[in-house]
Each structure stands twice: as structure tokens, then as C-alpha cells.
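Structural features, examined
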Amino acid sequence: MSTQVAELRPQSPSQRSSTEKVAILLASLDNSLAVELLKKLGTDDVKHILESSASLGPLTYSDVEPLVDEFANEFADALGISDSRKQLMALLEAAFTSEEIATFLGRPSEKPSTFSWSRFTMGMETTLVPYLLDEHPQTAAYILSRLTPDLAARCIELLPGALRASVTARLLRIEDVKKPVLDVLEKVIQEDLFGERAATAGGDDRLERLANIINRLDRAQADEIINDIIKINPEDGAALRKLIFMFEDVALLEAPHRAKLLDRVSTDLIIASLFGADAALREAILSSLSARTRRMVESELPQGESQPRKDTVECRRRIAEAAIQAAKNGDITLPDTSGAPAAGAAA
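1. Observations concerning helix 16 (residues 255-263)
Along helix 16, the residues that are buried comprise H257, R258, L261 and L262. The arc that holds every buried residue of helix 16, seen down its axis, measures 130 degrees, which confines them to one face. Seen from the open side of helix 16, the exposed residues pointing more than 90 degrees away from its buried face are P256 and D263. Each element contacted by the buried residues of helix 16 is listed here: helix 17 (267-274), helix 18 (279-286) and helix 20 (312-328).

2. Section: the environment of D278
Inspection of the secondary structure puts D278 in the loop between helix 17 and helix 18. Considered as a pair, D278 and S306 are 28 residues apart in the sequence and their alpha carbons are 9.1 Å apart. Among the polar contacts made by the side chain of D278, one reaches the main-chain amide nitrogen of L281 at a distance of 2.8 Å.

3. Things to note about the pattern of salt bridges
Following the criterion strictly, the structure yields eight salt bridges and no others. Close ionic contact of R154 with E157 constitutes a salt bridge, the shortest N to O distance being 3.0 Å. Here R154 and its partner E157 are both found in helix 9 (residues 149-158), three residues apart, which amounts to about one turn of the helix. Take E157: its relative accessible area is 26%, and that puts it in the partly exposed class.

4. Remarks on the packing of aromatic side chains
Overall, the coordinates contain two aromatic pairs when judged by the stated rule. Taking 5.8 Å as the distance between ring centres and 35 degrees as the angle between the ring planes, the aromatic pair formed by W117 and F120 counts as tilted. For F120, a relative accessible area of 3% gives the class buried. Arranged with centres 6.4 Å apart and planes meeting at 80 degrees, the rings of W117 and Y142 form a pair that is edge-to-face. Of the two residues, W117 sits in the loop between helix 6 (98-104) and helix 7 (125-133) while Y142 sits in helix 8 (residues 137-145), which places them 25 residues apart along the sequence. Owing to a relative accessible area of 8%, Y142 belongs among the buried residues under this scheme. Ring pairs connect the aromatic residues W117, F120 and Y142, which therefore count as one cluster. R309 extends its terminal NZ or CZ atom over the ring of F275, reaching a point 5.0 Å from the ring centre.

Criteria and thresholds
Residues numbered from 1 in each chain as written. Predicted model: local features only at pLDDT ≥ 70, side-chain atom pairs only at ≥ 80, totals over all residues. Heavy atoms only, no water. Buried < 20%, exposed > 50% of the residue type's maximum accessible area, 1.4 Å probe, protein only. Helix = DSSP H or I, 4+ residues; strand = E, 2+ residues; numbered from the N terminus. Arc of directions from axis to C-beta. Contact = heavy atoms within 4.5 Å. Polar contact = N/O pair within 3.5 Å; in protein donor to acceptor, adjacent residues only side chain to side chain. Salt bridge = Lys/Arg side-chain N within 4 Å of Asp/Glu carboxyl O. Phe/Tyr/Trp six-rings, centres within 6.5 Å; stacked < 30°, edge-to-face > 60°. Lys NZ or Arg CZ within 6 Å of the ring centre and 35° of its normal.

Here you go:
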């Protein structure tokens, strides 16, 4: 913007002469544009404008904006255009960048965004999935639509069932987001995942939330995901591995810890969880029960092999969650499952 515009008290546009208004508008334009306009004026016109500018004094944004509106209205009336300011601004936005328009109008321009979706790479699912859990499914769907297919697929795989279904359904109908909304979204993501807020956020909470999701998968899926994370980020992968505990891991607990865990679990949960369990896991659990509780459980179980009930998977998850909580409280110690084979059927 020309250095002729400075801060001082405004003067009413109605008190300005025509040449003063022209001088103000020229002073508010970029120098190169103002020079091009002056070249198209006659010598006498330029002389009058220069004479008028000498008496203007310092100008402010409030001196310029009313003249822009006045010019827009008169220009629109001459062309028979309605809603002139919006249409003129639309023309300006089509011809110039937002920074250039801000310069023309004497407005401060914001720094261009440094956000880039390419910053999301494989391995960031450990950060992204917990973040998506706190977002509306529509927002989560849009974020996933901007990721690489491999990363988006891994994130979708980790989402809980109900949210996964909602997000994937929305992906089929995803539409472009208007720029003002997109700017806000990108600014928030920048601050949450790449800014100071992300730098000060605790990593333990992020890992625990992801572990809570992985613990709901079967053992093969969980091992595959963790192994992939270890390849990309060994430290995160190792920390995550320690938080993984599934129902079949109950057999790997030390006997006193297993007994303490099962003593806190209802008999109904134990019965439902043992339907479809293999003989080794079944015996490991039964042997940790009191004699009375064992007789009650065995009386409800069919002899020989059995198929899981409808509630078996959920009951197994609840027992595994009880073990994780007990370990957090310091009541039991979870086994190291990093190299141990599965002790029983997958949960």
C-alpha cells in the first residue's frame, strides 16, 4: 500500500471534492496499479489530482472504505448491477489474491496457512485415530478423505465398529468444504496435531486410547498393527505393546494375580466368556476360582466343545478391561505378551 495513507482522524466523504476522492482512491492502491491509472488520465486531470492530494493530510482506513462503497454503487448503477458491493468484491476476488485485496483496501492481511495434508504419513494413525474419536463423524469422514488411501484405510480399520460404519457411509457422500470452513478446520488441526498444543499434550493418554481400540480387535489384527507401528516408530510401538491385553492373556497371568482378577468378575461374565474357549484356557480360569464358584460355572457350561454365545465376545472384553484397570490400580501385574503365543481362542 502507498505510504501516503497513514493514521489520523477521518473526514466525512460528503465533505470531499471529486478530485480529493480520486486522490484518496489512488493513494490507497498499490503503487504499480496507481501508476497505470494515472497514465490513462489527461495532463489537466493529473494536475488537479496532485493539487487536491496536497491538502489531504494523513489518511486512515475509514477515509478509504466509504469511497470504495460509493465507487462500487455508482459503478454498479451505471451498469445496471444490483447488490453492487458483493458483485464488485466477487470480481476483485476473482482477479486478485486476498493479500492484494487487503492491500488495496488498507486492511491487514493474515499470513498464508502453512498447513499441508501431505504431513500426514503412515504411522500417524496412532495420533489420528484417538483424535477422530472426539470429532463428529462428518468431520472425521472429511479428514479421512484428505489422507492417502493407505493411511485412511489403516485409520478406518482401527475405528470402533459403530463409528467406522457411520464414517465410511459419509465418505460415499463427502462434498467439498467451503474455503472459510476449511480454513478453520485446517487451523484447528494445525494447532491440535502439529502446534504447541500437540507438543504439550501427554503421549500416554494418546497411547492408552489407541490401545483401547486395538484391544477390541482379534489377536492377529492387533499383532499386525503393532508390528507395523514398531517398524515406523519403535518407541511408540513398544509402549503400545505393553498396554495390549486380551481375554486369552488371562492364562498368562501369574496364578495369584489371575485369582485376584477373577474374584472381582461376576460369575455370569465368567460363564459367558468360557463358551467356545479352548481346553487350556478354560482350565486355567476354572483352576483360579474358588471350589464353590467353579462348581457353579461348570454346571452352566456344556460338556466338551461349545460354540460362543452372542454375548461371549463382549463378556471377554469386559474381563480384559477389568484386568487392565486392576493393573493401573497396581493390584495385579500384566504379563509381557510381546513374544508369547496365544493362550487360547481369540477374543
